[in-house]
Amino acid sequence: MRPNSSIHKLPSNQTILDLTDKKLTFIPMKFSKSSRLTTLILTKNQIRELPKNLNKLLHLEMAFNELTEIPKDIEEGIQTYPSLEILDFAHNSIKTIPESIFNHPTIRKLVLFCNDIESIDCSKSRISFVDLGRNKLTKIPLLPETVSTLILDCNYIQDLENLPKSVKFLSLSRNLLT
């Protein structure tokens, strides 16, 4: 048995599970194959692994989990979520993002605000919303032509090279643009 707490079975009709600020390293729940869970909020924990095969999951929030990287068990869990659209790793200390995240066929919104990312190439993804504010970027990352919203506040960007023509909303405050 894991030390955090005992394992509970999540009711199959529950659509939102918020485990914010529970000091968890894993999710103390069993999920049925018929789970209707669409939103999983794991903010302010120390999660290092995710359950697999949450087929209806649309939104995964893992902000403030003290991550310096995305652990293999988390990456593998994400790959088993065929409906995932929103992925949020804000307020961690992540330096790199695994390519598998960008290759995920359904992720449309990626929030990586307040991490330690210096460069990123998600040009082969289908992402339409990217928040890379408060990182360590010195240039606009390589992005797909599907990106319509791009947030790059509080970085070290000096020019607009690589800006996709598809971007309709661009936020670049507090950069080094002249």
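Criteria and thresholds
- Residues numbered from 1 in each chain as written.
- Predicted model: local features only at pLDDT ≥ 70, side-chain atom pairs only at ≥ 80, totals over all residues.
- Heavy atoms only, no water.
- Helix = DSSP H or I, 4+ residues; strand = E, 2+ residues; numbered from the N terminus.
- Rg over C-alpha atoms; globule rule 2.2 N^0.38 Å.
- Buried < 20%, exposed > 50% of the residue type's maximum accessible area, 1.4 Å probe, protein only.
- Contact = heavy atoms within 4.5 Å.
- Areas by Shrake-Rupley, 256 points an atom, 1.4 Å probe, with all protein chains shown as cover.
- Lys, Arg positive; Asp, Glu negative; His and termini not counted.
- Charge placed at Lys NZ, Arg CZ, Asp CG, Glu CD.
- Phe/Tyr/Trp six-rings, centres within 6.5 Å; stacked < 30°, edge-to-face > 60°.
- Lys NZ or Arg CZ within 6 Å of the ring centre and 35° of its normal.
- Pairing = 2+ DSSP bridges.
- Axes fitted to C-alpha atoms, helices over the stretch in contact; angles between N-to-C directions.
- Patch = residues over 30% accessible without salt bridge, like charges linked within 9 Å, V, L, I, M, F, W, Y side chains within 5 Å.
- Salt bridge = Lys/Arg side-chain N within 4 Å of Asp/Glu carboxyl O.
- Core = buried A, V, L, I, M, F, W, Y, C linked by side-chain atoms within 4.5 Å.
- Polar contact = N/O pair within 3.5 Å; in protein donor to acceptor, adjacent residues only side chain to side chain.

Caption draft 1: Focus on the overall build of the chain. Helix and strand counts for the chain stand at two helices and 10 strands. Walking the chain from its N terminus toward its C terminus, one meets helices and strands in the order β-β-β-β-β-α-β-α-β-β-β-β. Whereas a compact globule of 178 residues would reach a radius of gyration of roughly 16 Å, the chain reaches 17 Å, a difference of no more than 12%. Taken over the C-alpha atoms alone, the chain extends approximately 55 × 25 × 20 Å along its principal axes. Looking at the chain as a whole, 49% of its 178 residues qualify as buried. Restricting the contact set of the chain to residue pairs at least 6 apart, pairs at least 24 apart contribute 22%. Within the structure as shown, the chain displays about 9,400 Å² of accessible surface, and the carbon and sulfur contribution to it stands at 50%. Charged side chains of the chain number 23 positive and 20 negative; the gap between the two group centres comes to 7 Å.

Caption draft 2: Region of the structure containing the packing of aromatic side chains. Evaluation of the coordinates by the stated rule reveals zero aromatic pairs. Against the face of Phe64 rests Lys44, its NZ or CZ located 5.7 Å from the ring centre. Here the basic side chain of Lys109 rests over the ring of Phe129, its NZ or CZ set 4.6 Å away from the ring centre.

Caption draft 3: Just the sheet that holds strand E6 (residues 86-88), in detail. Read from one edge of the open sheet, eight strands run E2-E4-E5-E6-E7-E8-E9-E10, paired in parallel fashion. Of all the strands in the sheet, the pair left with one neighbour each is strand E2 (16-18) and strand E10 (169-171). Shown here is a sheet whose adjacent strand axes are inclined to one another by a mean of 0 degrees, direction ignored. Looking at chain direction, E6 and strand E7 (residues 109-111) are connected through three bridges and run parallel. Bridged to Ile86 within E7 is Lys109.

Caption draft 4: A nonpolar patch on the surface, seen in detail. Residues Leu160, Leu170 and Leu177 make up a contiguous nonpolar surface patch of roughly 230 Å² in combined accessible area. Examined against the element boundaries, Leu160 turns out to sit in the loop between strand E9 (149-151) and E10. When its relative accessible area of 45% is taken as the criterion, Leu160 is described as partly exposed.

Caption draft 5: Seen up close, unusual backbone geometry. Look at Glu66: it is not a glycine, yet its phi comes out positive at around 55 degrees. Along the chain, the position of Glu66 falls in the loop between strand E5 (59-61) and helix H1 (72-79).

Caption draft 6: Highlighting the nonpolar core. Counting residues in hydrophobic clusters, the biggest one holds 46 residues, and the most contacted among them are Leu50, Leu60, Ile78 and Phe89. Listing elements by their share of this core, those giving two or more residues are H1 and helix H2 (99-103). When residues no more than four places from it in sequence are discounted, the contact partners of Leu60 are Leu40, Leu42, Leu50, Ile78, Tyr81, Leu84, Ile86, Leu87 and Asp88. With five residues, the next largest nonpolar core counts Ala63, Ala90, Phe129 and Ile151 among its residues.

Caption draft 7: Seen up close, the pattern of salt bridges. For the structure on display, the rule yields three salt bridges. The closest approach of N and O atoms between Lys72 and Glu75, which form a salt bridge, is 3.9 Å. Placement of both Lys72 and Glu75 in helix H1 is noted, with a separation of three residues, approximately one turn of the helix. Judged by its relative accessible area of 12%, Glu75 falls in the buried class.

Caption draft 8: Structural view of the side chain of Asn155. The topology assignment puts Asn155 in the loop between E9 and E10. Within the structure, Asn155 has its side chain in polar contact with the backbone oxygen of Leu152 (distance 3.0 Å). With sequence-adjacent residues up to four places away left out, Asn155 is seen in contact with Leu132, Gly133, Arg134, Asn135, Lys136, Leu137, Arg174 and Asn175.

Function cannot be read off these values alone, since they describe shape.
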